[in-house]
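Listed below, chain by chain, are the residues.
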Amino acid sequence: MKPFADALNTLSGESRDRLKECNQPGFLQPMKAVLTHAPFDDADWLYERKFDGVRCLVHKQGNKVKLYSRNRKERQLTYPEITAAFSRLPGDFIVDCEIVAFANNVTDFSRLQRRMQVRKPGRDLVERVPVFAYVFDILAGRVGTGFSDAVLESMHQKLVRRRRKTCPFAGS
């Protein structure tokens, strides 16, 4: 599976022209949720469903994969199955995702908590409380290709469509 290359290849010529080569950045502070007092709709905002999990930035460079919490704590040992899954993907990239656990096809934060503070979970815990990563932003890709807002929005829509096809619960 080549999700990032596939997404890049489906961009319009104009969007592809906006890509720029750059070195892969170090840690990127993820955007945080913004509290509002009333619902609103704004074309300048991209909206994401909250899956009731924990934020994770995945950095892949060569064969090396690092998972970071939003507070910059390394989490690759906490979620070895997520680390292994990303290590099998081609290319270098940084993605922003949410790690979740399920109970009856619904994300369940209390179930996820059984894994969150376990530095090296045993095989039994990994099997009892499997976790999944839902990617919602590609922050850098290939050899550190930076994404403009237009390219990000186009790729975001492609990720949402792909996630709707593969998400294990309805309405995602």
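The structure presented is a predicted model; accordingly, all values stated were derived computationally and were not measured.

Q: A description of the overall build of the chain should follow, citing residues and the corresponding values.
A: Of regular secondary structure, the chain possesses 6 helices and 6 strands. Sequence-ordered secondary structure for the chain, helices as α and strands as β, is α-α-β-β-α-β-β-β-α-α-β-α. Taking all 172 residues of the chain together, 41% fall into the buried category. Once local pairs closer than 6 in sequence are excluded, the contacts in the chain between residues at least 24 apart make up 72%. A total of about 10,500 Å² of accessible surface is found on the chain, and carbon and sulfur atoms cover 50% of it.

Q: Give a description of unusual backbone geometry that names residues and reports values.
A: The phi torsion at aspartate 52 lies on the positive side, around 65°, for a residue other than glycine. Since its relative accessible area comes to 35%, aspartate 52 is described here as partly exposed.

Q: Lay out the pattern of salt bridges with the relevant residues and their values.
A: Taken as a whole and assessed by the stated rule, the structure comprises 5 salt bridges. Where lysine 66 meets glutamate 74, a salt bridge forms, and the shortest distance between an N and an O atom there is 3.2 Å. The exposure class of glutamate 74 is partly exposed, given its relative accessible area of 34%. Note that arginine 123 and glutamate 127 form a salt bridge whose closest N and O atoms lie 3.2 Å from each other. Here arginine 123 pairs with glutamate 127, and both are found in helix α5 (residues 123-128), just 4 residues apart, close to one helical turn. Of the two residues, arginine 123 and glutamate 127, both sit in the exposed class.

Q: Give a description of the packing of aromatic side chains that names residues and reports values.
A: How two aromatic rings sit relative to each other is set out by the distance from centre to centre and by the angle between their planes. Per the counting criterion, the structure on display carries 4 aromatic pairs. When the centroid spacing of 5.4 Å and the interplanar angle of 70° are considered together, the rings of phenylalanine 102 and phenylalanine 132 count as edge-to-face. Of this pair, phenylalanine 102 sits in strand β4 (residues 102-103) while phenylalanine 132 sits in strand β6 (residues 132-141), and the two are 30 residues apart along the sequence. Phenylalanine 102 gets classed as buried once you look at its relative accessible area, which sits at 14%. When the ring of phenylalanine 102 is compared with that of tyrosine 134, the centres are 6.4 Å apart and the planes differ by 75°; the resulting orientation is edge-to-face. Taken as a pair, phenylalanine 102 in strand β4 and tyrosine 134 in strand β6 lie far apart in primary sequence, 32 residues in all. Among the residues examined, tyrosine 134 registers a relative accessible area of 8% and is labelled buried. Put simply, the rings of Phe51, Phe102, Phe132 and Tyr134 pair up and form one aromatic cluster.

Q: Could you give an account of the pairing of strand β2 (residues 64-68), naming the residues involved and the relevant values?
A: Most of β2 is tucked away, with 4 of its 5 residues classed as buried. In this structure, strand β1 (residues 54-61) lies alongside β2, joined through 5 bridges in antiparallel fashion. Bridge assignment links valine 58 to a residue of β2, and that residue is leucine 67. What sits between the antiparallel neighbours β1 and β2 is a turn of 2 residues, in which glycine 62 has the positive phi angle 65°.

Q: How would you explain the nonpolar core if you had to name every residue and give the values?
A: Among soluble globular proteins, nonpolar side chains are generally buried collectively. Val58, Tyr79, Phe86, Ile99 and Leu112 are the most contacted members of the largest nonpolar core, which totals 21 residues. Broken down by secondary-structure element, the contributors of at least two residues to this core are β1, β2, α3 (80-87), β3 (93-100), α4 (109-116) and β6. A total of 4 residues in this core trace back to one element, the largest contributor, which is β3. With near-sequence residues (within four places) excluded, valine 58 lies in contact with Val65, Lys66, Leu67, Phe86, Phe93, Ile94, Val95 and Cys97.

Q: Summarise the confidence of the model for the chain; cite the residues concerned and give the values.
A: In this model, the chain carries a mean pLDDT of 76, and residues with pLDDT of at least 70 account for 63%. Contacts from residues 163-172, a stretch scored under 50 in pLDDT, to residues over four places away or in other chains number 22 contacts.

Conventions and cut-offs
- Residues numbered from 1 in each chain as written.
- Predicted model: local features only at pLDDT ≥ 70, side-chain atom pairs only at ≥ 80, totals over all residues.
- Heavy atoms only, no water.
- Helix = DSSP H or I, 4+ residues; strand = E, 2+ residues; numbered from the N terminus.
- Buried < 20%, exposed > 50% of the residue type's maximum accessible area, 1.4 Å probe, protein only.
- Contact = heavy atoms within 4.5 Å.
- Areas by Shrake-Rupley, 256 points an atom, 1.4 Å probe, with all protein chains shown as cover.
- Salt bridge = Lys/Arg side-chain N within 4 Å of Asp/Glu carboxyl O.
- Phe/Tyr/Trp six-rings, centres within 6.5 Å; stacked < 30°, edge-to-face > 60°.
- Pairing = 2+ DSSP bridges.
- Core = buried A, V, L, I, M, F, W, Y, C linked by side-chain atoms within 4.5 Å.
- pLDDT = per-residue confidence, 0-100.

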